[in-house]
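If you want the building blocks of each chain, they are given just below.
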Amino acid sequence: MHDSRGPAVVGRQRETELLTAALVQAEDGASGCTVLLRGEPGVGKSTLLSWVEHAARERGFTVLRAVGAEAETDLAFGALHQAFRSLLQRSASLSAHQREALESALGIRAGTPSGFAVGAAALTLLEEAVRTAPVLLLLDDLHWVDSSSATVFAFLHRRCADLPVVIVGATRPDGPAAQTWSAEAVEVRALPRTDAALLLGTHHPELAAAARDRVLTEAAGNPLALVELPRQLEAAQQRGTAPLPERLPLGEKLERMFADRLDAVTPEVGRYLLLGALATGPDFTNGGWLRAAADGDAGEIPDGIEATGLARLDPAGQLVFRHPLVRTAVVAAASDTARREAHRALSEALAPDDPRRLVHEAAAALLPDEGLAHRLQEAGRDLARRGGDAEGALLLERAAVLSPSSCDRVRRLAWAAVMSARGGQLRHTAALVEELKSSSVPQDAAPLFAYAVVYADQSHHVDFESSAALLPAALDALTAPGADTFGGLTEQVFFKLLLAATYTDDPWAWRALERHRGEVSEAGRLCLRAWTDPGPDTTATLRAVAEGMTEEQEAGAAWLLLWTASALDCPDSDLWQRFTGLHGFATQGSIAKAKCHQDFLLGHWDQAAVCLREAEIADELGYHTNALMFRQYYAHFLAGRGDEAGLREVERAIRPTAARARMRYVLDRLTHLRGLAALAHGRHEEAYAHFCEITPPGRLPGGPPWHHALVLDLVTAAVHTGRHEEARAHLEAGRAARSAEISDRHAFLCSAAAALAAEDDDADAAYRAAYAVPGAERWAFDLARLRLAHGSWLRRRHRPGAREPLRAAHHVFRRLQAKPWAQRCEAELRAAGDPVAPPPGVPAEAPSGLTGQELRIARLAATGLTNKDIGRRLQLSPRTVAAHLYKIFPKLGITSRAALAHALDTAPDSV
């Protein structure tokens, strides 16, 4: 078939309909989506990209495009430069910091931006662009896109669900995008014989029947092979007057075919083709590189190149291959010697300070070379400082290969492992660690090796045994007189050990941390203090330390400061926001976790589903411990809402892993959340038992300060079960431990608990004292619980003023979708004679506001279909379906799929 809206495509109705649906969805402003085309070389992915590009332009889309190249995989943000430079040039909405980050990444100015800053800036450009037209972002040959660009594109893919942005990527089956992108891949398969015959006839109508049948068999439905194979035949063979050649061995298919073509070119032309295949970047956009990289006069070369039919020179002198596979075939067909010579020639054509020169030098190297390895190492670390951790890791790996010393090899490979993890390539880190484990690790490289092993174990395998086994010795070695500190590794090892200690409560880890307390920075000491013995000035010290840091100091201390704030229940938005956009992708996991916990504490419960989205993202990238923690944070919202079914579902997902890893921190939190959910439903005896498992009344065991924050929950359960003495004993223990001085939230919780446990003569004043605690209004859920308790106390004692706190609490609980708590408020209000409260059985507010697309998705989800099933029916990606459900749940006032059917019974059929 030939579609008038774009290039000729044959046999691709399913794919073109899917792409059209994606464009229509974005054009209607509903949302964007991602389509990942996956298939073998030459199967027609690029043709489909050209088709959708034409269709999008006809619909008024802004089209951005980037094409990966095998020789550009080491060029940080190279593909991003292709796609976003035009938007950057005309942008008016970027902040100065965002513009600086993006321009530095794209090489427009000097600077050292982080990967996350670049991603955030690119997202801002898209948000600006869609104000005038929907956007189509085309990413061809994703398997060859540099890692920094690929990470930014993946970031945009995860964050553009609510924007009219369509991302269409194409990759080979074994490409990284096929494993790391959450978009369900559309398999572009070989054409059926009928469609293959139609395509062959369109391009080669002169073929005789025997030749046509032979090509159909040899091509096996590969569109590019159908077009190219007949060109291999002589004219007599095409007409059927001469015997056909023996069957082409199609194991390598088209690459082998192009290689056969290359056998016919002269050595001189072959050399130029190889130089062109390996040459990338702005210095190779004109014909000057031909003369710079080759001997002799290049005047006759263009004719020789054009005559091959494999490439041509455009007016600017740039060598343009007729298909990306030609570039691959040229490189694959060259001998190792020829490739090294071409890399050497290209390196000499570049300026001495050009980072690509170093890459070409490394590719040209045959023997170990410490000088070159050292320069690669320094370039890799420089890339990491610019946010290109993944590219820096590749250079460190090359440096390892070129290292004459096995010790230096292990050092560089270990650094490559760490940088890969920070660059979002944790699975590759795990593979490098396995390689390191099979090596003989020199004693002086042991701390770096230990850190790499622990990084993979903690973050990827959810395993903390190696932390206690390896990190104390690593700290001892790093802090020994005259020891190599590996560029500030001591602080990072200290943090990893502190993380293991807080998660598992391992006594060996705590002892090692105390032993080295004096050998780390103030931020490290403060973090240890916050998790073991928070004093009255800890929060103020945290703010002072953060304010006194330079950006360079923050880069190494961000995790420590965020983990300190987490220990103190100190949701300081100024703290975590200052890190957003300044640090690499790995640090953003800590920032996202801090944001999720802050949303719970401050009553931003409409953001609850973000925890699940972040968990999915973390799992996709291999950060399984982060995924577990995001699900635990989501469990907080479920427990607060009294959603015990949802809480059990999350527990089933994370408790077994936490138990295997002996993560007492997570296990205790889950026990606490069981008690909180029981409180929501008025099962105070059950709640009391759960809280006492963690911290017995009247005694505050040493350990994490969040045990102090249990005071309101434990006292509430104790008072409602008649255990007034236990409640007062726990308050006294808190006063003795100066719990109220830990942070503003602790001060409010202690004051609220004191009000609940107060004698009748003192209670009203105690409630009002709790309201007066500075910042009390920040803690929406806890303040609503206090108001419910106060209003109930006033009503039952027939005192005036009960309705006001009850109405305020009811409003907050409804907003938070904390239905059991809201129902208790309603019961108290009805008992107080309030006619405003809805009677039993009548929903607080009718579910409404669903768009047509949301209503269709909700109805399908209510039948039990998975996101993947729904996506197939509506021609959406599972990620897009999930994004819609994320908006549907709060509109319907529910928190789980199980509640959809009931909620939809009252939802309008039209919107």
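Bear in mind the structure is a predicted one, so any value in this text is a computation, not a measurement.

It is worth spelling out the packing of helix α20 (residues 389-401) against helix α21 (residues 406-422) at this point. Across the interface, α20 lies against α21 with an axial gap of 8 Å and an inter-helix angle of 165°. By the criterion of interaxial angle, the relationship of α20 to α21 is roughly antiparallel. Once α20 is placed against α21, the crossing between them reads as left-handed. For the pair α20 and α21, contact is made by D389, A390, G392, A393, L396, E397, A399 and A400 and by R409, R412, L413, W415, A416, M419, S420 and R422, respectively. Here the residues of the contact of α20 with α21 sort into nine nonpolar, two polar and five charged.

As a further point, take the nonpolar core. Core analysis: the biggest nonpolar cluster contains 157 residues, and M663, V666, V715, F748, L786 and F813 have the highest contact counts within it. Residue contacts for V666: discarding those within four places in its chain leaves L628, M629, Q632, I654 and A658.

Inspection of every chain in the model, using the stated rule, returns 15 aromatic pairs. With centroids separated by 5.9 Å and ring planes inclined at 65°, the aromatic side chains of W531 and Y665 adopt a geometry described as edge-to-face. Of the two residues, W531 sits in helix α27 (residues 522-532) while Y665 sits in helix α35 (residues 664-680), which places them 134 residues apart along the sequence. The buried category is assigned to W531, whose relative accessible area is 2%. An aromatic cluster is built from F600, W605, F637, F781, F813 and W821, whose rings are joined through pairwise contacts. Taking the ring centre of W508 as reference, the NZ or CZ of R511 above it sits at 4.8 Å. Taking NZ or CZ as reference, R787 lies 6.0 Å from the ring centre of Y771, over its face.

This next bit is on the pattern of salt bridges. Any two side chains of opposite charge can pair, so long as their charged atoms come close to each other. Evaluated as defined, the whole model comprises 40 salt bridges. Note that R674 and E651 form a salt bridge whose closest N and O atoms lie 2.7 Å from each other. Residue R674 is found in helix α35, and its partner E651 is found in helix α34 (residues 644-660); the two are separated by 23 residues along the sequence. Overall, the relative accessible area of 7% leaves E651 in the buried class. A salt bridge links R728 to E725, with the shortest nitrogen-to-oxygen separation between them at 3.6 Å. One end of the pair, R728, and the other, E725, are both in helix α38 (residues 724-736), three residues apart, so they sit about a helical turn from each other. Within this structure, D569, D713, R745, D782 and R785 form a network of salt bridges that share partners.

This paragraph deals with helix α36 (residues 684-694). For α36, the full list of buried residues reads H684, A687, Y688, H690, F691 and I694. Considered in projection along α36, the buried side chains sweep an arc of 165° and stay on one side of the axis. On the buried face of α36, the contacting elements are α35, α37 (711-720), α38 and α43 (819-831).

For the rest of this paragraph, the subject is the environment of P447. Within the secondary structure, P447 is located in helix α23 (residues 446-461). Excluding anything up to four places from it in sequence, P447 contacts A474, A477, L478, F486 and L489.

Overall, the predicted model of the chain reaches an average pLDDT of 82, with 84% of residues at or above 70. Within the model, pLDDT remains below 50 along residues 247-253, and this stretch shows eight contacts once partners closer than five positions in the same chain are excluded.

Attention shifts here to unusual backbone geometry. Phi angles above zero are rare outside glycine, and R738 is one such case at about 60°. Secondary-structure assignment places R738 in the loop between α38 and α39 (744-757). On the basis of relative accessibility, which here comes to 44%, the residue R738 falls in the partly exposed class. Positive phi values are uncommon outside glycine, yet H798 reaches one of about 55°.

Considering the arrangement of structural elements, one finds T671 in helix α35. Given the relative accessible area of 9%, T671 is considered buried. In this structure, T671 is in contact with R655, H690, E693 and I694, ignoring residues within four places of it in sequence.

Attention now moves to α35. Between its first and last C-alpha, α35 extends 24 Å over 17 residues, near the 24 Å set by a 1.5 Å rise per residue. With 14 of its 17 residues buried, α35 lies for the most part within the structure.

Read from one edge to the other, the open sheet built from five strands follows the order β2-β3-β4-β1-β5, with strand pairing classed as parallel. In this open sheet, the two edge strands, each paired with only one partner strand, are β2 (62-67) and β5 (185-187). Across the sheet, the mean angle from the axis of one strand to that of its neighbour is 20°, orientation sign disregarded. Pairing between β2 and strand β3 (residues 135-140): six bridges, direction parallel. Along β3, the bridge assignment pairs L64 with L137.

Parameters at a glance
- Residues numbered from 1 in each chain as written.
- Predicted model: local features only at pLDDT ≥ 70, side-chain atom pairs only at ≥ 80, totals over all residues.
- Heavy atoms only, no water.
- Axes fitted to C-alpha atoms, helices over the stretch in contact; angles between N-to-C directions.
- Helix = DSSP H or I, 4+ residues; strand = E, 2+ residues; numbered from the N terminus.
- Parallel < 35°, antiparallel > 145°, perpendicular 65-115°, else oblique.
- Left-handed = near helix turned anticlockwise from the far one by under 90°.
- Contact = heavy atoms within 4.5 Å.
- Nonpolar A, V, L, I, M, F, W, Y, C, P; charged D, E, K, R; others polar.
- Core = buried A, V, L, I, M, F, W, Y, C linked by side-chain atoms within 4.5 Å.
- Buried < 20%, exposed > 50% of the residue type's maximum accessible area, 1.4 Å probe, protein only.
- Phe/Tyr/Trp six-rings, centres within 6.5 Å; stacked < 30°, edge-to-face > 60°.
- Lys NZ or Arg CZ within 6 Å of the ring centre and 35° of its normal.
- Salt bridge = Lys/Arg side-chain N within 4 Å of Asp/Glu carboxyl O.
- Arc of directions from axis to C-beta.
- pLDDT = per-residue confidence, 0-100.
- Expected span 1.5 Å × (residues − 1).
- Pairing = 2+ DSSP bridges.

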